[in-house]
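A look at the structure
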Amino acid sequence: MSDGVCPVTDASRRHPWADVPATAGDRLRPVVLGTGDEIIATVRAEIAEYALSMDGEFGRRIRLGVGFALDQFLDLLGTDDALPDTTVYFELGRVEHRHGRTMDALQSAYRIGSRVLWRRIAAASDGSATNGTGGPDDLGLGADDIFRLAEALFAYIEQLAAASVSGYAYEQSLVAGSRQARQHALVERLCRAPAPEPAELESLAREAGWTAPKSVGALVIAEEALGVACRRLPPEVAASVVDRVGIVFVPDPDGPGRVDAVADAVRGTPAVLGPTVPLDQVPRTVTRARAARALQLDGHLPGDGLVRSEDHLLVLLLHADVTLTADLVAQRLEPLRRMTSAARDRAVTTLTAWLDAHGDVAEAATTLHVHPQTVRYRLARLKEAFAGVLDDPAGRLEVALALRAGGPTLAEG
């Protein structure tokens, strides 16, 4: 065209109400604007959740929403405009969530509204309705126009319903985010020493929606595995990410079936459960579990599935102060370092078997598959090399611990 403006064609239109004659809005106005009260009455009659709820915030908003929806629909007819404002319907969805309802009732209300409205329009289009003056109400719309009007109406209602769904989801996310923030505050505080005083704990637990148990165990797991584990765990746990590590407080973990449930929740994922402690000692279970988790990552503890820290106290003890342990190994195993490699390996296996047998030579010989006299001969040489340490109970304990901690390093000579 000479003015450079292209006419809107059917192919370029985005909204079904654009195909309805613009004159339909004025013709429909007396019919449509009179349906608001009927829609609300029908909704109350057919949806039990709304029978008694029209006097509060929801009732005010739905009355506003019905009137606004009817007026806005008429204004859109014959235009290719998008919905100018869906705030009212977005807020309706939010109110539904705040009232603790699902979206089912509101979605039904939208369907009822469109049904009542279309019934009025259909009656007016065939001349069976009456206008305000009592005469027949002829909309002057052909069959194709009526079809397009129906398509426009149901598309319009669908968009309003979608806005409410978005509002519901938004409110849901706010609540979930708030609950998650409150639970994080609880978990983070439980990880810090000293343990919270009863009043502080009660307040944090109440805000997080957590029922404080008599005892807990701290489960430590990789941050990226926390979500899956929590979906498998009982709902009464409290969980969050603290210092980039997943922390889960498991109530009364020694109760029947609790440990099995935790093990099932973390199957295939390395995780550590700390000792069961009363709430006034909760930092202890966190510290122990974190220490065991570090050893698990370093390969000193099993790396697949659940590990209970209390099953590995000796490993934890020997790694609690690595410099102290290194000094113990260096001091108590020094006689072994002066031996040849073959002699050292034989001495380590003999000492280990004898100490594990609590000094029973016959049992040690059975373990080593040698004659008891061979064990006695080796022990005599070892006692001489260790200069009396093996005859002292405390000395034997230190040698046993040093072998546990430093056995792999002895190969270095």
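The numbering scheme is per chain: residues are counted from 1 as the chain's sequence reads. Per-residue local features of the predicted model are confined to residues with pLDDT of at least 70, and side-chain atom pairs are confined, for both listing and counting, to 80 or more; whole-chain, interface and lining totals are unaffected and use all residues. Based on all heavy atoms of the structure, the side-chain values leave hydrogens and waters out of the count.

**Regarding the overall build of the protein chain**
Along the backbone of the protein chain there are 17 helices and six strands. Taken over C-alpha atoms, the radius of gyration comes to 39 Å for the protein chain, far larger than the 22 Å a tight globule of 413 residues would show. In terms of overall dimensions, the protein chain has a C-alpha envelope of 125 × 60 × 35 Å along the principal axes. The burial tally for the protein chain puts 42% of its 413 residues in the buried class. Residue pairs in contact within the protein chain that sit at least 24 positions apart in sequence constitute 70% of those at least 6 positions apart. Charged residues are defined here as Lys and Arg on the positive side and Asp and Glu on the negative side; His and the ends of the chain fall outside this count. In this description, the location of a charge corresponds to atom NZ of lysine, CZ of arginine, CG of aspartate or CD of glutamate. In the protein chain, which carries 43 positive and 56 negative side-chain charges, the distance between the mean positions of the two groups comes to 7 Å. Runs of E in the DSSP output that reach at least two residues are strands. Runs of H or I that reach at least four are helices, and both are numbered from the N terminus. Both definitions apply: the radius of gyration is a C-alpha atom measure, and the globule rule equals 2.2 Å times residues to the power 0.38. Whether a residue is buried, partly exposed or exposed follows from its accessible area with a 1.4 Å probe, protein chains only, as a fraction of its type maximum: under 20%, in between, or over 50%, in that order. A contact between two residues is defined here by any heavy atoms of the two lying within 4.5 Å.

**Some details on the pairing of strand 2 (residues 238-242)**
Counting buried positions along strand 2 gives four out of five residues, so the element sits mostly inside the fold. Note on pairing: DSSP must find at least two bridges between two strands before they are called paired. Looking at chain direction, strand 2 and strand 3 (residues 245-251) are connected through five bridges and run antiparallel. Within strand 3, the residue paired with Ala 239 across the bridge is Val 248. Where strand 2 hands over to strand 3, the hairpin turn is made up of two residues, of which Asp 243 adopts a positive phi near 55°.

**Digging into empty space enclosed by the protein**
Put plainly, a pocket is an open set of points on a 1 Å grid over the protein atoms alone with protein on both sides within 12 Å along at least five of seven lines, a cavity is a set where a 1.4 Å probe fits but cannot get out, and a lining residue has an atom within 4 Å of a point. Grid points are joined across faces, edges and corners, and a volume is the space filled by probe spheres set on the points. Summed over the entire model, instances satisfying the criterion amount to one cavity of 30 Å³ or more. If you add up the space inside the largest cavity, you get close to 260 Å³. Forming the boundary of the largest cavity are 20 residues, of which Ile 39, Val 66, Ala 109, Tyr 110 and Gly 113 lie nearest the centre. Elements that contribute at least two residues to the lining of the largest cavity include exactly helix 2 (36-46), helix 3 (57-76), helix 4 (87-98), helix 5 (104-125) and helix 6 (143-191). Amino acid classes used here: Ala, Val, Leu, Ile, Met, Phe, Trp, Tyr, Cys and Pro are nonpolar; Asp, Glu, Lys and Arg are charged; the rest, including Gly, are polar. Considering only residue class, the lining of the largest cavity consists of 17 nonpolar, three polar and no charged.

**Let's talk about the nonpolar core**
Residues Leu 28, Leu 77, Tyr 89, Tyr 110, Leu 149, Tyr 156 and Leu 160 are the most contacted members of the largest nonpolar core, which totals 44 residues. Counting only elements with at least two residues in this core, the list comes to helix 1 (24-32), helix 2, helix 3, helix 4, helix 5 and helix 6. Take this core: its biggest share by element is 11 residues, from helix 6. Setting aside its immediate chain neighbours within four residues, Leu 77 contacts Trp 17, Val 20, Ala 22, Ala 24, Gly 25, Leu 28 and Leu 149. Counting residues in each nonpolar core, the second largest holds 28 residues, with Cys 191, Val 216, Leu 279 and Leu 295 among its members. Buried Ala, Val, Leu, Ile, Met, Phe, Trp, Tyr and Cys residues form a nonpolar core when they are joined through side-chain atoms within 4.5 Å.

**Brief notes about the UniProt feature "domain: PucR C-terminal helix-turn-helix" (unreviewed entry) in the protein chain**
UniProt positions are given in the numbering used here, feature names are shortened, and annotations may be inferred rather than shown by experiment. Feature annotation in UniProt places "domain: PucR C-terminal helix-turn-helix" (unreviewed entry) on residues 348-405, given in this structure's numbering. Annotated as 76% helix and 0% strand, the span residues 348-405 places its first and last C-alpha atoms 13 Å apart.

**Here we look at helix 2**
All of the buried residues along helix 2 are Gly 36, Ile 39, Ile 40, Thr 42 and Val 43. All buried residues of helix 2 fall inside an arc of 165° around its axis, so they share one side. Along helix 2, the residues that are exposed and aim more than 90 degrees away from the buried face are Asp 37 and Ala 45. Read the arc as the range of directions from the helix axis to the C-beta atoms.

**Describing the pairing of strand 3**
For a regular strand, side-chain orientation follows a simple rule: the groups alternate between the two sheet faces. The buried count for strand 3 comes to six of seven residues, which makes it a mostly enclosed element. As judged from the seven bridges shared by strand 1 (residues 215-222) and strand 3, these two strands associate in the antiparallel manner. Counted as the bridge partner of Ala 218 is Phe 249 from strand 3.

**Side note on the packing of helix 14 (residues 341-356) against helix 17 (residues 393-406)**
Interhelical geometry of helix 14 versus helix 17 gives an angle of 120° and a closest axis separation of 11 Å. The orientation of helix 14 relative to helix 17 falls into the category oblique. When the axes of helix 14 and helix 17 are compared, the crossing they make is left-handed. Contacts between helix 14 and helix 17 involve Val 348, Leu 351, Thr 352, Trp 354 and Leu 355 from the former and Arg 396, Val 399, Ala 400 and Leu 403 from the latter. Of the residues assigned to the contact of helix 14 with helix 17, the class counts are seven nonpolar, one polar and one charged. Each axis is a line fitted through C-alpha atoms, taken for helices only over the stretch in contact, and angles between the N-to-C directions span 0 to 180 degrees. Each angle receives one of four descriptions, namely roughly parallel if under 35 degrees, roughly antiparallel if over 145, roughly perpendicular if within 65 to 115, and oblique otherwise. It is the rotation of the near helix from the far one that decides the hand of a crossing: anticlockwise by less than a right angle makes it left-handed, clockwise makes it right-handed.

**Section: the pattern of salt bridges**
The term salt bridge refers to a pairing of a side-chain nitrogen on Lys or Arg with a carboxyl oxygen on Asp or Glu at a separation within 4 Å. Applying the stated criterion to the full structure yields 20 salt bridges. In this structure, the salt-bridge partner of Glu 38 is Arg 120, at a minimum N-O distance of 3.0 Å. Placement of the pair is Glu 38 in helix 2 and Arg 120 in helix 5, with a sequence separation of 82 residues. Residue classification places Glu 38 among the partly exposed positions, given a relative accessible area of 26%. Owing to a relative accessible area of 30%, Arg 120 belongs among the partly exposed residues under this scheme. We note a salt bridge from Arg 338 to Glu 334, for which the minimum N-O separation is 4.0 Å. What emerges from the salt-bridge pattern is a single network uniting Glu 91, Arg 94, Arg 98 and Glu 171.

**Considerations on the packing of aromatic side chains**
Stacked, tilted and edge-to-face are the three classes assigned to paired rings of Phe, Tyr and Trp, where Trp is represented by its six-membered ring and a pair needs centres within 6.5 Å; plane angles under 30 degrees give stacked, over 60 edge-to-face, the rest tilted. Inspection of every chain in the model, using the stated rule, returns five aromatic pairs. Taken together, a centroid distance of 6.4 Å and an interplanar angle of 35° make the contact between Phe 68 and Tyr 89 tilted. Linking Phe 68 in helix 3 with Tyr 89 in helix 4, this pair joins segments that are 21 residues apart in sequence. Tyr 89 gets classed as buried once you look at its relative accessible area, which sits at 1%. Ring geometry for Phe 73 and Tyr 156: centres 5.2 Å apart, planes at 40°, overall tilted. Of this pair, Phe 73 sits in helix 3 while Tyr 156 sits in helix 6; the two residues are 83 residues apart in sequence, bridging distant segments of the chain. Residue class for Tyr 156 comes out buried when judged on its relative accessible area of 1%. Members of the aromatic cluster, joined through ring pairs, are Trp 17, Phe 73 and Tyr 156.

**Description of the state of the cysteines**
Each disulfide consists of a covalent bond between the sulfur atoms of two cysteine residues. Working definition: a disulfide is two cysteine sulfur atoms within 2.5 Å of each other. If you walk through the whole model with that rule in mind, you get zero disulfides. With no disulfide of its own, Cys 230 lies closest to Cys 191 among cysteine sulfurs, the gap being 13 Å.

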